[in-house]
Protein chains: 2
Amino acid sequence: MRPTVKDVAKLAGVSPKTVSNVINGIVFVRPETRARVESALAELDYVPNMSARGLRNGRTGMIALALPDLLRPYSAEIVHLVVELAHERGWGVQIEQTAAEPKREFELLSKARAYLVDGLILNPVNLDDSAVLSAGPLPPLVLIGDVDQDLVSQVAIDNVAAARDLTQHLLDRGCRRIAVVGTPEVPRGSSGAGVLAGSSAGEPGTAASRLRTAGYREALAAAGIPVDPALEISLDRWRPEGAATVVGKYLTEHELPDAFFCFTDSMAAGALSALWSAGVRVPEQTLVAGFDNILESQFMIPPLTTIDFDRREFVAAALDLLGERMADKAAPPRRVMVPHRVIERASTAR
Amino acid sequence: MRPTVKDVAKLAGVSPKTVSNVINGIVFVRPETRARVESALAELDYVPNMSARGLRNGRTGMIALALPDLLRPYSAEIVHLVVELAHERGWGVQIEQTAAEPKREFELLSKARAYLVDGLILNPVNLDDSAVLSAGPLPPLVLIGDVDQDLVSQVAIDNVAAARDLTQHLLDRGCRRIAVVGTPEVPRGSSGAGVLAGSSAGEPGTAASRLRTAGYREALAAAGIPVDPALEISLDRWRPEGAATVVGKYLTEHELPDAFFCFTDSMAAGALSALWSAGVRVPEQTLVAGFDNILESQFMIPPLTTIDFDRREFVAAALDLLGERMADKAAPPRRVMVPHRVIERASTAR
DNA sequence: TTGAAAGCGTTACCAC
DNA sequence: GTGGTAACGCTTTCAA
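Residues numbered from 1 in each chain as written. Chains lettered and ligands numbered in written order. Predicted model: local features only at pLDDT ≥ 70, side-chain atom pairs only at ≥ 80, totals over all residues. Heavy atoms only, no water.

**Section: the nonpolar core**
Stage number 1. The biggest cluster of nonpolar side chains holds 152 residues, and the ones touching the most others in it are Leu65, Phe260 and Phe314 of chain A together with Leu65, Phe260 and Phe314 of chain B.
Stage number 2. Excluding residues within four positions of it along the chain, Leu65 of chain A makes contact with Ile78, Val79, Val82, Val93, Gln94, Ile95, Glu96, Ile121 and Ile144 of chain A.
Stage number 3. Within the second largest apolar cluster, 28 residues are counted, among which are Met62 and Val152 of chain A together with Leu143 and Val152 of chain B. (Core = buried A, V, L, I, M, F, W, Y, C linked by side-chain atoms within 4.5 Å. Buried < 20%, exposed > 50% of the residue type's maximum accessible area, 1.4 Å probe, protein only. Contact = heavy atoms within 4.5 Å.)

What follows is the structure in structure tokens.
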């Protein structure tokens, strides 16, 4: 049987309380006693029972990270950083995936308390204000990515501005017919403000796709170019295979656009592949750009122009905000915006 | 305050035990009573406290997955599948990263009990027989990937055979000078049997790199081609940027080999990029192959020849083995080998 | 400074 | 079938 504080106390000839004091190192313990306890700890190879500790003081030292699709390289980067930075703060990380089952997001909100976690970082897909409200008493929560709400803390980048900047980058290079890959399945109004309720379930990045579409259209409008629905290529799941398929099909049915702006880098990889298969040369015949600046982007052929932001800063901010909420549940929600920038690479060189 | 079984019991006019019976749905409960309890459950929005449950019955319903480097696309695929398949079994998943800190592997072994988990799936890097032995009483444990040991359950592919098969594939296409990317930093004997102790710390994939190197050499030997140390390009961290750097440098210092066999697909991406930058055409001037068949491989330019294995089967086997160990700690360790195959794509087309 | 005892929320044992 | 009660391992009052 594994040893408990009682066993340690007995071996050291002290009470459980003293052992607890030594372990948590808060109260002053006579050095001699401390030494005796510590050697007993070592001898028995004592390891505290986290369930008992969690039950007693209401905290487990664990947080949950919920992402729509763990397969995306972007997800891997987020998971990597959250695990690394949370570990520095002494927190363990439990991972959840939400895209497969839309209602899982709500379950997590309403039942996070059950999931053995002290807090939750959620990249929402189907979430809006009313959903957040109706979930009842929330666990300490930070949203990463875009939702139109002010009820809970959030860290995000300005998706509209980023998409506008990247579109402008393409316009600056003389592109007029700019295709976008990854727009929502069902076209909506351009601004998207307030029309969140009823967003179709199961689409990863629905919120992001709306905002990036909006930014794209804004840039076109500013340049006096009308929106051409034929250039807005929708895609339900943001995976490279989908992008390859849809771009490949597009090429057979339409005239080659001046550029393809893909809403994620991994979709851009699919697009580049489809273009290569069709014998279209990038950047000579058409330009390609992505979004996220994943690790792989600089090794694509050609290297990919994309939107970059400091992912470490992004995740650190999320953990900071979560720490605030965990320390004080009544703290006012905060929103942190992380700056972005266009990374120019060969895929849009002119 | 959040409701407990007691509150539910009071509201339903029954005892806590009955509530527990209803929740766990095992014992026969009178339908009428059951209905009363269930409506009380719903009314109070009862959520069980996992810490208490864990304390009481010794299980938390959580497993841990420990991988060397979460940034690798391969890791993302494993995390994705483990989370998905574990969830089907009602288990939560806690994620750990080991490469940054070698001793973390041992910590996990010896302290997994503390980490609030019922079992552990570990992709080992610096682990050998003696380490496993000396860790003392182990938690239910399954190793994924290669270690020379028979003490704990393990699921793996035959790395030696896979590397041999892929090398043979290149030989079949007329290659004689085949470079490998990702060999261990310090060259070792070819078989690698038994020389695990003291494996240098901090190298992701040390075990895998030894075995893949062995398979490569076996194929060369069978073809009567002597090993050329200059063709064995070592790399400490299996990341694309390292591969791009090392291959780029290689091209300036050596004659172009007939082929590059990279020990992971993501390194192959880096290699393809370096070759493209140097103006070397693939497959016209040299062939490139990888290992793992990550999602991105088929969208590389050109699409990448690689080693594939059924990742879902691989992960399902790991969870099955873990389930066995969790159910019966005395169960004999088992080893599952998952078959592999060479996927031929354009990067090695002749 | 240290010891004794209570209690966190659950489930299992044993009566009824 | 269902209700009391004890116990899981820890920390935190309160006393000594």
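**Structural notes on the protein's contact with DNA strand C**
Stage number 1. Among the 23 residues in the neighbourhood of DNA strand C, the closest are listed as Ser15 and Thr33 of chain A together with Val5, Tyr46 and Arg53 of chain B.
Stage number 2. Between DNA strand C and Ser15 of chain A there is a distance of 2.6 Å, counted from a phosphate oxygen to a backbone nitrogen or oxygen.
Stage number 3. Every element with two or more residues in the surface near DNA strand C is listed here: helix H2 (16-24) and helix H4 (50-57) of chain A together with helix H2 (16-24) and helix H4 (50-57) of chain B.
Stage number 4. Across the surface near DNA strand C, the residue classes break down as nine nonpolar, eight polar and six charged. (Near = heavy atom within 4 Å. Polar contact = N/O pair within 3.5 Å; in protein donor to acceptor, adjacent residues only side chain to side chain. Helix = DSSP H or I, 4+ residues; strand = E, 2+ residues; numbered from the N terminus. Nonpolar A, V, L, I, M, F, W, Y, C, P; charged D, E, K, R; others polar.)

**Some points on the sheet that holds strand E4 (residues 141-144) of chain A**
Stage number 1. Strand order in the open sheet formed by twelve strands is E11(A)-E5(A)-E4(A)-E3(A)-E1(A)-E2(A)-E2(B)-E1(B)-E3(B)-E4(B)-E5(B)-E11(B), with mixed pairing between adjacent strands. Bordering the open sheet on either side are strand E11 (335-337) of chain A together with strand E11 (335-337) of chain B, each of which pairs with just one other strand. This sheet shows a mean twist of 20° between the axes of neighbouring strands, independent of strand direction. (Pairing = 2+ DSSP bridges. Axes fitted to C-alpha atoms, helices over the stretch in contact; angles between N-to-C directions.)

**Let's talk about the relation of the copies chain A and chain B**
Stage number 1. When chain A is fitted onto chain B, the two copies agree to an RMSD of 0.2 Å after a turn of 180° and an axial shift of 0.1 Å. Overall, the copies show the geometry of a two-fold rotation axis.
Stage number 2. The fraction of interface residues of chain A whose copies in chain B are also interface residues reaches 100%, indicating that both copies meet through the same surface. (Least-squares fit on C-alpha atoms with pLDDT ≥ 70 in both.)

**A short note on the protein's contact with DNA strand D**
Stage number 1. Within the structure, DNA strand D sits among 22 residues, and Val5 and Tyr46 of chain A together with Thr18, Arg30 and Thr33 of chain B are positioned closest to it.
Stage number 2. At 3.3 Å, a side-chain N or O of Ser20 of chain A approaches a phosphate oxygen of DNA strand D.
Stage number 3. Interatomic distance of 2.3 Å between a side-chain N/O atom of Tyr46 of chain A and a phosphate oxygen of DNA strand D.
Stage number 4. Elements with a contribution of two residues or more to the surface near DNA strand D: H2 and H4 of chain A together with H2 and H4 of chain B.
Stage number 5. Among the residues making up the surface near DNA strand D, the classes are represented as eight nonpolar, eight polar and six charged.

**Comments concerning the packing of aromatic side chains**
Residue and element names in this part refer to chain A.
Stage number 1. The full count for this structure, using the stated rule, is eight aromatic pairs over all chains.
Stage number 2. On the basis of an interplanar angle of 75° and a centroid distance of 5.2 Å, the ring pair of Phe261 and Phe263 is categorised as edge-to-face. Each member of the pair, Phe261 as well as Phe263, carries the same accessibility label: buried.
Stage number 3. The ring centre of Phe309 lies 4.8 Å from the NZ or CZ of Arg311, which sits over that ring. (Phe/Tyr/Trp six-rings, centres within 6.5 Å; stacked < 30°, edge-to-face > 60°. Lys NZ or Arg CZ within 6 Å of the ring centre and 35° of its normal.)

**Focus: the interface of chain A and chain B**
Stage number 1. Listed by partner, the interface residues are 54 residues for chain A and 54 residues for chain B.
Stage number 2. Both faces considered, chain A and chain B share a buried interface measuring about 4,600 Å² in area, 71% of it formed by carbon and sulfur atoms.
Stage number 3. Linking chain A with chain B are four residue pairs in polar contact (both at pLDDT 80 or more), by the criterion used here.
Stage number 4. For the side of chain A that touches chain B, the secondary-structure elements that each account for two or more residues are H4, helix H5 (73-88), strand E2 (92-97), helix H6 (103-111), helix H10 (240-253) and helix H11 (265-277) of chain A.
Stage number 5. The dominant element in the side of chain A that touches chain B, judged by the number of residues it contributes, is H5 of chain A, at eight residues.
Stage number 6. Class assignment of the residues belonging to the side of chain A that touches chain B gives a composition of 28 nonpolar, 13 polar and 13 charged. (Buried area = accessible area lost by both parts, 1.4 Å probe.)

**A look at the sheet that holds strand E9 (residues 287-289) of chain A**
Residues and elements named next belong to chain A.
Stage number 1. Spatial strand order, E7-E6-E8-E9: four strands in an open sheet with parallel pairing. Each of the sheet's edge strands pairs with one partner strand only, and the pair in question is strand E7 (232-234) and E9. Pairwise comparison of adjacent strand axes, ignoring direction, gives a mean angle of 20° for this sheet.
Stage number 2. Pairing analysis gives three bridges linking strand E8 (residues 259-262) to E9, with the strands arranged parallel. By the bridge assignment for E9, Ala259 is matched with Leu287.
Stage number 3. Its contacts with the sheet place helix H8 (residues 159-172) against strand E6 (178-183), E8 and E9, and it is angled at close to 165° to E8.

**Thoughts on the side chain of Asp308 of chain A**
All names here are of chain A.
Stage number 1. Of note, Asp308 is situated in strand E10 (residues 306-309).
Stage number 2. What makes Asp308 buried here is its relative accessible area of 9%.
Stage number 3. Side chain to side chain, Asp308 and Arg341 meet in a polar contact 2.7 Å long.
Stage number 4. Excluding residues within four positions of it along the chain, Asp308 makes contact with Asn293, Pro339, His340, Arg341 and Ile343.

**Describing the confidence of the model for chain A**
Stage number 1. Confidence in the prediction for chain A averages 88 pLDDT; 89% of positions are at 70 or higher.
Stage number 2. Below a pLDDT of 50 lies the segment residues 187-205 of chain A, which in the model reaches 39 contacts outside its immediate sequence neighbourhood of four places, other chains included. (pLDDT = per-residue confidence, 0-100.)

**Comments concerning unusual backbone geometry**
All names here are of chain A.
Stage number 1. A cis amide bond links Val282 with the next residue in sequence, Pro283, at an omega value of 5°.
Stage number 2. Locating Pro283 in the fold gives a position in the loop between H11 and E9.
Stage number 3. Although it is not a glycine, Asn293 sits at a positive phi angle of roughly 50°.
Stage number 4. The topology assignment puts Asn293 in the loop between E9 and E10.
Stage number 5. Overall, the relative accessible area of 15% leaves Asn293 in the buried class.

**Let's talk about the packing of helix H5 (residues 73-88) of chain B against helix H12 (residues 311-327) of chain B**
Residue and element names in this part refer to chain B.
Stage number 1. Interhelical geometry of H5 versus H12 gives an angle of 55° and a closest axis separation of 9 Å. Here H5 lies oblique to H12, going by the angle between them. In this structure, H5 crosses over H12, and the sense of that crossing is right-handed. Across from Tyr74, Glu77, Ile78, Leu81, Val82, Glu84, Leu85 and Ala86 in H5, the residues of H12 making contact are Arg311, Arg312, Phe314, Val315, Ala316 and Leu319.
Stage number 2. Partitioned by chemical class, the residues of the contact of H5 with H12 number ten nonpolar, no polar and four charged. (Parallel < 35°, antiparallel > 145°, perpendicular 65-115°, else oblique. Left-handed = near helix turned anticlockwise from the far one by under 90°.)

**Observations regarding the pattern of salt bridges**
Stage number 1. Per the counting criterion, the structure on display carries 29 salt bridges over all chains.
Stage number 2. The salt bridge involving Arg164 of chain A is made with Glu218 of chain A; its shortest N-O contact spans 2.8 Å. Remark: Glu218 of chain A occurs in helix H9 (residues 206-222) and Arg164 of chain A occurs in helix H8; sequence separation between them is 54 residues.
Stage number 3. Note that Arg239 of chain B and Asp69 of chain B form a salt bridge whose closest N and O atoms lie 2.7 Å from each other. Of this pair, Arg239 of chain B sits in the loop between strand E7 (232-234) and helix H10 (240-253) while Asp69 of chain B sits in the loop between strand E1 (62-67) and H5, placing them 170 residues apart in sequence. No difference in accessibility class separates Arg239 of chain B from Asp69 of chain B, as the two residues are buried.
Stage number 4. What emerges from the salt-bridge pattern is a single network uniting Asp69, Arg239 and Glu241 of chain A. (Salt bridge = Lys/Arg side-chain N within 4 Å of Asp/Glu carboxyl O.)

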